[in-house]
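Chain residues, written in single-letter form:
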Amino acid sequence: MKLVEARGLTIRHGDRTILSAVNLSITKGEIVTIVGPNGSGKSTLIKALIGLEKPSQGQVNRAPGLSIGYVPQRLHLDARLPMSVRRFLSLPDRVTDAAAQVALARVGVPGLGARQMAVLSGGQFQRVLLARALLSSPEILILDEPTQGLDQPGVAAFYRLVEEVRAETGVAVLMVSHDLHVVMSATDRVICLNGHVCCEGAPHIVSEAPEYRALFGLGTGGALALYRHVHDHDHDHDHDHDHGHHHHHPAAPRDAADPSRQTHERHDA
């Protein structure tokens, strides 16, 4: 079932065309990642899919009564404004204490309710945003560059969390990635955007597409790397590992089954 679909979507701001004849659809339960350089129209596309941006031409169709959980790019809150995590979770719609506790536990930050939003680490902040998005029991999660500003272990941990949420709830995920060369390993489809859809398909197919390589200046040597997770280390000693353990390695498309050495991280990454 198609949850959301763009057909011939064109958006102009004045005489500037931001998106041109974009076709895409997201079906129930799949993970789709959009990659593209700065200025490629990624955020405009997200806004159009949510209904915050009006098409100049074409249309966006959403399933009747579609519930969308939206995780914006890093939200800027005034540090002088007292705002606890618990209060933030009740904006704009009040939720019960029990629901808030369940949501925070689900994203790996239980007991954070009394903490001030202004003092959270980057990883904690993004998890709270995700918790808030999950409170509406969405059919689709739309994440706009959710890992921007996180270090590699933080990115890996957040990706792992999104994969777990999808596995447990069946929610579809549309993620805009700021990293042109790395996508979550559970991604079913990658859409390469640069004002229009340059190419799309499974990660290993897109990584070999000439359009993708030309756009990101890869020549013939690079490939799209996948964050993968290996559970072969001792969690008791996780805190002692240096960050060198977490470098991702571009996996050659035909060797996609060979996992890069990527682990899920402790929750305060």
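What counts as what
Every chain is numbered independently, its residues counted from 1 as its sequence is written. Only residues with pLDDT of at least 70 get local features here, since the model is predicted, and only at 80 or more are side-chain atom pairs given and counted; chain-wide, interface and lining totals rely on the full set of residues. Derived side-chain values reflect all non-hydrogen atoms in the structure, with water molecules and hydrogen atoms excluded from consideration. Labels follow the DSSP assignment, with helices taken as runs of H or I lasting at least four residues and strands as runs of E lasting at least two, numbered in each case from the N terminus. Remark: exposure states derive from per-residue accessible area (1.4 Å probe, protein chains only) relative to the maximum for the residue type, with buried under 20%, exposed over 50%, and partly exposed in between. Every residue pair with non-hydrogen atoms within 4.5 Å of one another is taken to be in contact. Note on areas: Shrake-Rupley with a 1.4 Å probe; residue coverage comes only from the protein chains shown. Residues belong to one nonpolar core when they are buried, are Ala, Val, Leu, Ile, Met, Phe, Trp, Tyr or Cys, and are joined through side-chain atoms within 4.5 Å. Strands are treated as partners if at least two bridges between them are detected by DSSP. The angle between two axes is taken between their N-to-C directions and runs from 0 to 180 degrees, where each axis is a line fitted to C-alpha atoms and a helix contributes only its stretch in contact. Any two of the Phe, Tyr and Trp rings considered here, Trp counted by its six-membered ring, make a pair once their centres fall within 6.5 Å; the pair's planes then place it as stacked at under 30 degrees, edge-to-face at over 60, or tilted in between. Only when the NZ of Lys or the CZ of Arg is both within 6 Å of the ring centre and within 35 degrees of the ring normal is a charge said to sit over the ring. To estimate how far a helix should reach, multiply one less than its number of residues by 1.5 Å. Here a polar contact means two N or O atoms within 3.5 Å. Within protein one must be a hydrogen donor candidate and the other an acceptor candidate, and residues neighboring in sequence count only if both atoms are side-chain atoms. Here a salt bridge means any side-chain nitrogen of Lys or Arg lying within 4 Å of a carboxyl oxygen belonging to Asp or Glu. Here the term cavity refers to a set of points on a 1 Å grid, laid over the protein atoms alone, in which a 1.4 Å probe fits but cannot get out; the term pocket refers to an open set having protein on both sides within 12 Å along at least five of seven lines, with lining residues being those that place an atom within 4 Å of a point. Grid points are joined across faces, edges and corners, and a volume is the space filled by probe spheres set on the points. Residue classes follow a fixed rule: Ala, Val, Leu, Ile, Met, Phe, Trp, Tyr, Cys and Pro count as nonpolar, while Asp, Glu, Lys and Arg count as charged, and any other residue, Gly among them, counts as polar.

**A look at the overall build of the protein chain**
Turning to step 1, where the next piece is worked out: Helix and strand counts for the protein chain stand at seven helices and 11 strands.
Turning to step 2, where the next piece is worked out: Buried residues in the protein chain amount to 51% of all 269 residues.
Turning to step 3, where the next piece is worked out: Within the protein chain, counting contacts between residues at least 6 apart in sequence, those at least 24 apart form 69% of the total.
Turning to step 4, where the next piece is worked out: Total accessible area on the protein chain stands at roughly 12700 Å², and carbon and sulfur atoms take up 50% of it.

**Let's talk about the nonpolar core**
Turning to step 1, where the next piece is worked out: Of all hydrophobic cores here, the largest spans 36 residues; its most connected members are L89, M117, V128, L130, L141, L143 and V173.
Turning to step 2, where the next piece is worked out: Sorting the residues of this core by element identifies α2 (85-89), α3 (97-106), α4 (122-134), β6 (140-144), α5 (152-169) and β7 (172-177) as the ones contributing at least two each.
Turning to step 3, where the next piece is worked out: Here the element with the most residues in this core is α4; it accounts for seven residues.
Turning to step 4, where the next piece is worked out: Judged by nonpolar contacts, the second largest core, of 26 residues, contains L3, L9, A172 and L174.

**A closer look at the sheet that holds strand β4 (residues 57-62)**
Turning to step 1, where the next piece is worked out: Taken together, three strands build an open sheet; the order of strands is β2-β1-β4 and the sheet is antiparallel. Among the strands making up the open sheet, the edge pair consists of β2 (16-27) and β4. On average, each strand axis in the sheet is tilted by 15° relative to the strand beside it, whichever way the strands run.
Turning to step 2, where the next piece is worked out: In the sheet, strand β1 (residues 2-13) pairs with β2 via eight bridges, with the strands oriented antiparallel. Bridging across to β2, K2 finds its partner in T27.

**Overview of the packing of aromatic side chains**
Turning to step 1, where the next piece is worked out: In the structure shown here, the tally under the stated rule is zero aromatic pairs.
Turning to step 2, where the next piece is worked out: The ring of F88 is capped by R132, whose NZ or CZ atom sits 4.7 Å from the centre of that ring.

**Quick look at the sheet that holds strand β3 (residues 31-35)**
Turning to step 1, where the next piece is worked out: The six strands are arranged β5-β6-β7-β3-β9-β10 in an open sheet whose pairing can be described as mixed. The two strands at the open ends of the sheet, each matched to only one other strand, are β5 (68-71) and β10 (197-201). On average, adjacent strands in this sheet sit at an angle of 15° to one another, irrespective of strand direction.
Turning to step 2, where the next piece is worked out: The pairing of β3 with strand β9 (residues 189-193) spans four bridges and is classified as parallel. By the bridge assignment, V32 is partnered in β9 with R189.
Turning to step 3, where the next piece is worked out: Contacts from α4 reach β5 and β6, with the element oriented near 165° to β5.
Turning to step 4, where the next piece is worked out: Relative to the sheet, α5 contacts β3, β6 and β7, its axis offset from that of β7 by approximately 160°.

**Here we look at α5**
Turning to step 1, where the next piece is worked out: Here α5 contains 18 residues, and its C-alpha end-to-end distance of 26 Å stays within 8% of the 26 Å for a straight helix at 1.5 Å per residue.
Turning to step 2, where the next piece is worked out: N-capping of α5 is provided by D151, with a side-chain oxygen placed 2.8 Å from the backbone N of G154.
Turning to step 3, where the next piece is worked out: At the C-terminal side of α5, G170 shows a positive phi close to 75°.

**Quick look at the pattern of salt bridges**
Turning to step 1, where the next piece is worked out: Here the structure, examined in full by the defined rule, presents 10 salt bridges.
Turning to step 2, where the next piece is worked out: One salt bridge connects R189 with E30, and the closest N-O pair in it is separated by 2.7 Å. Note that R189 is positioned in strand β9 and E30 in the loop between β2 and β3, a separation of 159 residues in sequence. Each of the two residues, R189 as well as E30, counts as buried.
Turning to step 3, where the next piece is worked out: A salt bridge links D97 to R86, with the nearest nitrogen and oxygen atoms 2.7 Å apart. One end of the pair, D97, is in helix α3; the other, R86, is in helix α2, with 11 residues separating them in the sequence.

**Things to note about the layout of surface pockets**
Turning to step 1, where the next piece is worked out: In this structure, the largest pocket encloses a volume near 240 Å³.
Turning to step 2, where the next piece is worked out: As for the largest pocket, its lining consists of 13 residues, of which L91, P92, D93, R132 and S136 are closest to the centre.
Turning to step 3, where the next piece is worked out: At the level of elements, β5 and α4 are the ones that each hand at least two residues to the lining of the largest pocket.
Turning to step 4, where the next piece is worked out: Grouping the constituent residues of the lining of the largest pocket by class yields nine nonpolar, two polar and two charged.

**Section: α4**
Turning to step 1, where the next piece is worked out: The terminal C-alpha atoms of α4, which comprises 13 residues, lie 19 Å apart, in line with the 18 Å expected from a rise of 1.5 Å per residue.
Turning to step 2, where the next piece is worked out: Of all 13 residues making up α4, 11 are buried, and the element is well covered by its neighbours.
Turning to step 3, where the next piece is worked out: Turning to α4, its buried residues are G123, Q124, F125, Q126, R127, V128, L129, L130, A131, A133 and L134.

**Concerning unusual backbone geometry**
Turning to step 1, where the next piece is worked out: Cis rather than trans, the peptide bond between L91 and P92 has omega equal to -5°.
Turning to step 2, where the next piece is worked out: The topology assignment puts P92 in the loop between α2 and α3.
Turning to step 3, where the next piece is worked out: The phi torsion at A21 lies on the positive side, around 50°, for a residue other than glycine.
Turning to step 4, where the next piece is worked out: One can find A21 in strand β2.
Turning to step 5, where the next piece is worked out: In this structure, E145 is a non-glycine residue whose phi angle is positive, near 50°.

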